[in-house]
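Below, each chain spelled out in residue letters.
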Amino acid sequence: QVQPGSIVTVIGPNGAGKSTLLRTVIGLQAPTAGTIRFLGRDISRLPAHRTRQTGIAMVHQHFSLVADMTVVENLMLGQVRGVLKRQDYARSVQALSQDYGLALDPHARIQDLSVGERQRVEIVKCLMRNPRLVVLALPLRSLVAPVFLLATVLLSYATTLGISTILFQGVM
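Residues numbered from 1 in each chain as written. Predicted model: local features only at pLDDT ≥ 70, side-chain atom pairs only at ≥ 80, totals over all residues. Heavy atoms only, no water.

Visitor: I'd love a proper account of the overall build of the protein, names of residues and values included.
Guide: Helix and strand counts for the protein stand at six helices and six strands. Reading the helices (α) and strands (β) of the protein from amino to carboxyl end gives β-α-β-β-α-β-α-α-α-β-α-β. Put simply, the protein has 172 residues, and 45% of those count as buried. Pairs at least 24 apart in sequence give 68% of the contacts found in the protein among residues at least 6 apart. For the protein, the exposed area adds up to about 9400 Å²; of that, 53% sits on carbon and sulfur atoms. (Helix = DSSP H or I, 4+ residues; strand = E, 2+ residues; numbered from the N terminus. Buried < 20%, exposed > 50% of the residue type's maximum accessible area, 1.4 Å probe, protein only. Contact = heavy atoms within 4.5 Å. Areas by Shrake-Rupley, 256 points an atom, 1.4 Å probe, with all protein chains shown as cover.)

Visitor: Tell me about the environment of I123, and name the residues and values.
Guide: Summarising the element assignment, I123 is placed in helix α5 (residues 115-127). On the accessibility criterion, I123 (3% relative accessible area) is buried. In the structure, I123 is positioned 26 residues away from S97 in sequence and 9.1 Å away in space, judged by C-alpha atoms.

Visitor: Quick one: what's the story with the side chain of T54, residue by residue and with numbers?
Guide: As for its position among the elements, T54 is in the loop between α2 (48-53) and β4 (56-59). Note on T54: relative accessible area 15%, which makes it buried. For T54, the contacting residues outside a window of four places in its chain are F38, L39, R41, I43 and L46.

Visitor: Just give me the short version of the nonpolar core, but keep the residues and values in it.
Guide: Inside soluble globular proteins, nonpolar side chains tend to come together where they are buried. Counting residues in each nonpolar core, the largest one holds 27 residues, and the members touching the most others are V71, L75, Y89, V93, V121 and V124. Secondary-structure elements contributing two or more residues to this core are β4, α3 (71-76), α4 (86-99), α5 and β5 (133-136). (Core = buried A, V, L, I, M, F, W, Y, C linked by side-chain atoms within 4.5 Å.)

Visitor: Help me get a handle on the pattern of salt bridges, residues and values and all.
Guide: The full count for this structure, using the stated rule, is three salt bridges. In this structure, D88 engages R91 in a salt bridge whose closest nitrogen and oxygen atoms are separated by 2.4 Å. Taken as a pair, D88 and R91 lie in helix α4 at a separation of three residues, close to a single helical turn. Since its relative accessible area comes to 34%, D88 is described here as partly exposed. (Salt bridge = Lys/Arg side-chain N within 4 Å of Asp/Glu carboxyl O.)

Visitor: Requested: an account of α4, with residues and values cited.
Guide: Relative to the 20 Å expected for 14 residues at 1.5 Å per residue, α4 spans 20 Å between its end C-alpha atoms, a close match to the ideal helical length. Residues Y89, A90, V93, L96 and S97 constitute the buried set of α4. Axial view of α4: buried residues confined to an arc of 135 degrees, hence all on one face. In this structure, α4 carries R91, Q98 and D99 as exposed residues pointing more than 90 degrees from its buried face. On its buried side, α4 packs onto α3 and α5. (Expected span 1.5 Å × (residues − 1). Arc of directions from axis to C-beta.)

Visitor: Break down unusual backbone geometry for me, citing the residues and quoting the values.
Guide: Glycine aside, a negative phi is what most residues show, and trans is what most peptide bonds show. Positioned with a positive phi, L39 is a non-glycine residue whose angle comes to about 55 degrees. With respect to the helices and strands, the residue L39 is situated in the loop between β2 (37-38) and β3 (41-42). A relative accessible area of 63% means that L39 is categorised as exposed. Unusually for a residue other than glycine, N130 sits at a positive phi of about 50 degrees. If you trace the backbone, N130 turns up in the loop between α5 and β5.

Written out as structure tokens, the structure reads:
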């Protein structure tokens, strides 16, 4: 059970079922037994896009960014419905990234960003969904040092807002 504002870490060796649990929580795989409840609702059989709509967001360990697009263009992909002005969205991105200490230039091209900055874009992408639960599938040992510090600040800040976090980690 994950309480609001809490941080839960799932740690285990390869083959222990971490990835299966992760895929089940985010809706990519149905459980073989039992149920997954989120905010009082059974989400066990919801597809991934519906699971996201319940307030579950994930920061993936592999970048899913389009290199020749800007930060704001990448963040708008798949998240914006209807008509939204790019400048308005860019201001929202800039405000949110500053609030969390993840400063980004919304107009920078992904191909021009460092690995650490790209990791920040992935984190901001997740936060732009206003999640109630953040699933982090980031091997902390591979995070660039400044982003590791930012991730720990992010986790602390998120808990004060009541955002729960599940961190999946392998055993080194």
